[in-house]
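This is what each chain is made of:
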Amino acid sequence: MLRRATAVDGAVMAAIHAAAFPAPDAWRADVFSQQLALPGTFGLLHPSGGMILARLAADEAEVLTLAVAPEVRGTGIAAALLQQAAAICGAMGASALFLEVSVGNAAARAAYDRAGFQPVGRRRAYYADLSDALVLRLGLRDAE
């Protein structure tokens, strides 16, 4: 059901992102295309309106962004994207997957908690609205 995104999917990813985030926070199509062209970066698309963009650096991976269209939230799309991205990152050699989430985004925080992410830090005034971000980590090896 999920498929790997390529640089030509920048517009699709941007449309999902724009539906999920306020205009000032939405990423442009060229940003997605440029990111997808970089080594170690990959994206996944869900046909119902979800996307994730992640990158690997050495033995750590990071979710750069994840978005699910509002009309299909709560249907397991985010969980599927996170699970597949974690599997890909692990297969690429990552021992952990990190991400940032706004302290005020209760729905996303709950989804990340269900996926097994644990808080490991906080970035003060990280977002444009000056809200803090929690740094979350998911161990990708059995013992973590």
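Just so it is clear, the model here is predicted, and its values are computed rather than measured.

Analysis parameters
- Residues numbered from 1 in each chain as written.
- Predicted model: local features only at pLDDT ≥ 70, side-chain atom pairs only at ≥ 80, totals over all residues.
- Heavy atoms only, no water.
- Helix = DSSP H or I, 4+ residues; strand = E, 2+ residues; numbered from the N terminus.
- Rg over C-alpha atoms; globule rule 2.2 N^0.38 Å.
- Buried < 20%, exposed > 50% of the residue type's maximum accessible area, 1.4 Å probe, protein only.
- Contact = heavy atoms within 4.5 Å.
- Areas by Shrake-Rupley, 256 points an atom, 1.4 Å probe, with all protein chains shown as cover.
- Lys, Arg positive; Asp, Glu negative; His and termini not counted.
- Charge placed at Lys NZ, Arg CZ, Asp CG, Glu CD.
- Salt bridge = Lys/Arg side-chain N within 4 Å of Asp/Glu carboxyl O.
- Pairing = 2+ DSSP bridges.
- Axes fitted to C-alpha atoms, helices over the stretch in contact; angles between N-to-C directions.

Draft legend 1. A look at the overall build of the protein. Within the protein one finds 4 helices and 7 strands. Mapped from its N terminus to its C terminus, the protein presents α and β elements in the order β-α-α-β-β-β-α-β-α-β-β. By the compact-globule yardstick of 15 Å for 144 residues, the protein fits well, its C-alpha radius of gyration being 14 Å. In terms of its C-alpha atoms, the protein occupies a principal-axis envelope of roughly 40 × 35 × 30 Å. Per-residue burial for the protein yields a buried fraction of 42% across its 144 residues. Intrachain contacts of the protein at a sequence separation of at least 6 include 56% that bridge at least 24 residues. Here the protein displays about 7600 Å² of accessible surface, and carbon together with sulfur accounts for 54% of that area. Each charge sign in the protein was given a centre, from 12 positive and 13 negative side chains, and these centres are 1 Å apart.

Draft legend 2. A look at unusual backbone geometry. A positive phi angle is found at Ala 58, which is not glycine, with a value near 55 degrees. Residues other than glycine seldom take positive phi values, yet Leu 130 does so here, at roughly 70 degrees. Along the polypeptide, Leu 130 turns up in the loop between strand E6 (118-123) and strand E7 (133-139). Judged by relative accessible area, Leu 130 falls into the exposed class, the value being 61%.

Draft legend 3. Quick peek at the environment of Ala 96. When you line up the elements, Ala 96 lands in strand E5 (residues 96-102). What makes Ala 96 buried here is its relative accessible area of 1%.

Draft legend 4. How the structure looks around the pattern of salt bridges. Under the defined criterion, the tally for this structure stands at 6 salt bridges. Across the salt bridge formed by Arg 3 and Asp 9, the nearest N and O atoms sit 2.9 Å from each other. In this structure, the salt-bridge partner of Arg 55 is Glu 62, at a minimum N-O distance of 3.0 Å. One continuous salt-bridge network, built from bridges that share partners, spans Arg 122, Arg 124 and Asp 132.

Draft legend 5. Molecular detail of the sheet that holds strand E3 (residues 50-57). The 7 strands are arranged E1-E2-E3-E4-E5-E7-E6 in an open sheet whose pairing can be described as mixed. The open sheet has two free edges, formed respectively by strand E1 (3-5) and E6, since each of these has just one partner strand. Here the average twist between neighbouring strands, direction ignored, is 30 degrees. By the bridge criterion, 3 bridges tie E1 to strand E2 (residues 41-46) in an arrangement that is antiparallel. Its bridge partner being in E2, Arg 4 is matched across the sheet by Leu 44. Helix H1 (residues 10-20) contacts E1, E2, E3 and strand E4 (60-68) of the sheet and is inclined by roughly 110 degrees relative to E3.

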